[in-house]
Amino acid sequence: RVLNGLATLRPRPTVAPAKRQPHIQTRFFPTIMSASMMVDASALAARTAVSGQRMTAASRPAVLAQRKARMTPVCTAAADTATTGVRRNPNIGKLQAGYLFPEIGRRRNEHLEKNPDAKIISLGIGDTTEPVPAPIVAGLVKAAEGLGTVDGYSGYGAEQGQGSLRAAVNKRFYANCDIDDSDVFISDGSKCDISRLQAMFGQGISVAVQDPAYPAYVDTSVMTGNTGSYNEQTQQFDNIAYMKCSVENGFFPDLANAPRTDVIFFCSPNNPTGAAATREQLEELVAFAKKNGSIIVYDAAYSIFINDPSIPKSIFEIEGAKECALETCSFSKFAGFTGVRLGWTVVPSELKFADGFPVKSDWNRVMTTCFNGASNIAQGGGLACCSDDGYAAMMETVAYYKENATLLKKCFNDLGFTTHGGDNAPYVWVSFEGKPSWDSFAEILDKTDIITTPGSGFGIAGDGFIRVSAFGHRENVLEAISRFQKAFAGRNN
């Protein structure tokens, strides 16, 4: 309003007409323009052309509008050559193409552009589909409503998590593992904790991963600077130990011939193969880590899907594991919290670095520095998950997905495919007999309008396989089975 008013003032007869304050223009534009913007000179010139117009009663509205527009900054995008002086992180530059699941999304969208009437069914990304059980929703609601009361309101909480939830998680999932409540650190999920663990370990460590494996283990190792460059010949990153997990070795690595590394990422039940390590295999893994002075980062995100009572659900069921392992887990697949975001990592007090310093102390420092704590509403839901009613309801949802896995596995077996997993995990690992995984992905999408996940996206050892997720509405799973049967009928003939 002030600027508009200045534009309409008439000069007094006894005072020389004032020039426009030059500092308003020279100071105004640099203030509102960022380094990536530049003034459109032609537009400014056009606006300046009206500055000398004399107003009449008839022209006054138009001239005032033009003068007002003259005061509005006009910006256009800077040329592509505009840069800062900041060097790009060369480690991120090593990453190949996009992260697996955004790439699947891109191909899905491309398919829909060509087939706009296609009714896509997604059995690809492992995202839960069923509603959060009522007792757990009640916990979320109670925590949210509490924020609207004086007694129930809470601001910043402990970065390590609410004491009551840390105790509840320990009691529910580690009752027989001799874990202290203070060893449990509540977070916003395992994936986030994996990145924070990389920050804790820092640059200069050696890393081993299962092959195939969840892509985040490799990609965060690359971004942290703990690998070499991508090797086009091997289709793997240099300076990282890929422990092949194949049909031939029962999807458990040949540790007798595996190199020594500082950190071993290990997931069981495994994503993507669905293989769950036996007690004997985990005993071998713990012995291997202790012998080499390694730390196991044990991902137990799918442990709740284990049916076989002889298979451990936690690495801490293995004697000696607290001296060489930490464990990360999540409510994402347990309770449908993929969007709510709540998980935990257990770091035993017995776990020490080479100099004897407790790993737990450094993890506590990372969490208190890089994290403000999980949402207090989400933690209310977590407490409900650990209650008797919440846990029982959670297990009903898990059973629903298990049934989906059973149906999908049977479908592919009946069609003559060789399958793995699906018994103690929500994923069915389907062999396409050496056919490149992305080709199989494309064939399935073209023939059935179904999204799966190409095995090679998890590592070169996964090529020739497709991962099929059991996370889906039952009607969609049954429809997908019908489409698979039509598309691949006669495979046994």
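Look up a bit, the structure's there.
Residues numbered from 1 in each chain as written. Predicted model: local features only at pLDDT ≥ 70, side-chain atom pairs only at ≥ 80, totals over all residues. Heavy atoms only, no water.

**Q** Any chance you could explain the sheet that holds strand S16 (residues 453-454) here in plain terms?
**A** In sheet architecture, strand pairing relies on hydrogen bonds along the backbone and comes in two forms, parallel and antiparallel. With antiparallel pairing, the four strands of this open sheet are ordered in space as S13-S14-S17-S16. Lying at the two open borders of the sheet, with one neighbouring strand each, are strand S13 (418-421) and S16. Two strands pair when backbone bridges link them, and strand S14 (residues 427-431) and strand S17 (residues 465-469) are joined in this way by five bridges, in the antiparallel orientation. Residue pairing in the sheet places Tyr427 in a bridge with Ser469 of S17. Across the face of the sheet, helix H15 (residues 388-414) comes into contact with S13, S14 and S17 while running at roughly 155 degrees to S13. (Pairing = 2+ DSSP bridges. Helix = DSSP H or I, 4+ residues; strand = E, 2+ residues; numbered from the N terminus. Contact = heavy atoms within 4.5 Å. Axes fitted to C-alpha atoms, helices over the stretch in contact; angles between N-to-C directions.)

**Q** Can you help me understand the sheet that holds strand S9 (residues 263-267) in this one?
**A** On the basis of which strands lie adjacent, the open sheet formed by seven strands has the order S4-S12-S11-S10-S9-S5-S8 and mixed pairing. With partners counted over all chains shown, the strands left at the sheet margins are strand S4 (184-187) and strand S8 (241-244), one partner each. Between one strand axis and the next, the sheet turns through 20 degrees on average, direction left out of account. Here five bridges tie S9 to strand S10 (residues 295-299), and the two strands are oriented parallel to one another. Opposite Phe265, over in S10, you have Val297 as the bridge partner. The strands touched by helix H11 (residues 279-292) are S9 and S10; relative to S9, the strand with the most contacts, the crossing angle is about 170 degrees.

**Q** What am I meant to see in H11 here?
**A** Three or four residues apart is the spacing at which side chains of an α-helix point the same way, because the helix has 3.6 residues per turn. For H11, with 14 residues, the first-to-last C-alpha span of 20 Å sits near the 20 Å given by 1.5 Å per residue. Within the sequence span of H11, burial applies to Gln281, Leu282, Leu285, Val286, Phe288 and Ala289. In an axial view of H11, the angular spread of the buried residues amounts to 160 degrees, which keeps them on one side of the axis. Opposite the packed face of H11, turned more than 90 degrees from it, sit the exposed residues Glu280 and Lys291. Looking at the residues trailing H11, positive phi occurs at Gly293, about 70 degrees. (Expected span 1.5 Å × (residues − 1). Buried < 20%, exposed > 50% of the residue type's maximum accessible area, 1.4 Å probe, protein only. Arc of directions from axis to C-beta.)

**Q** Just checking my understanding: could you explain the pairing of strand S5 (residues 207-211) for this structure?
**A** Sheet faces and side chains relate simply in a regular strand, where the side chains alternate between the two faces. Burial of S5 is extensive: five of the five residues sit out of reach of the surface. Burial along S5 is two-sided: Val207, Val209 and Asp211 and Ala208 and Gln210, pointing in opposite directions, are all buried. The pairing of S5 with S9 spans three bridges and is classified as parallel. Within S9, the residue paired with Val207 across the bridge is Val263.

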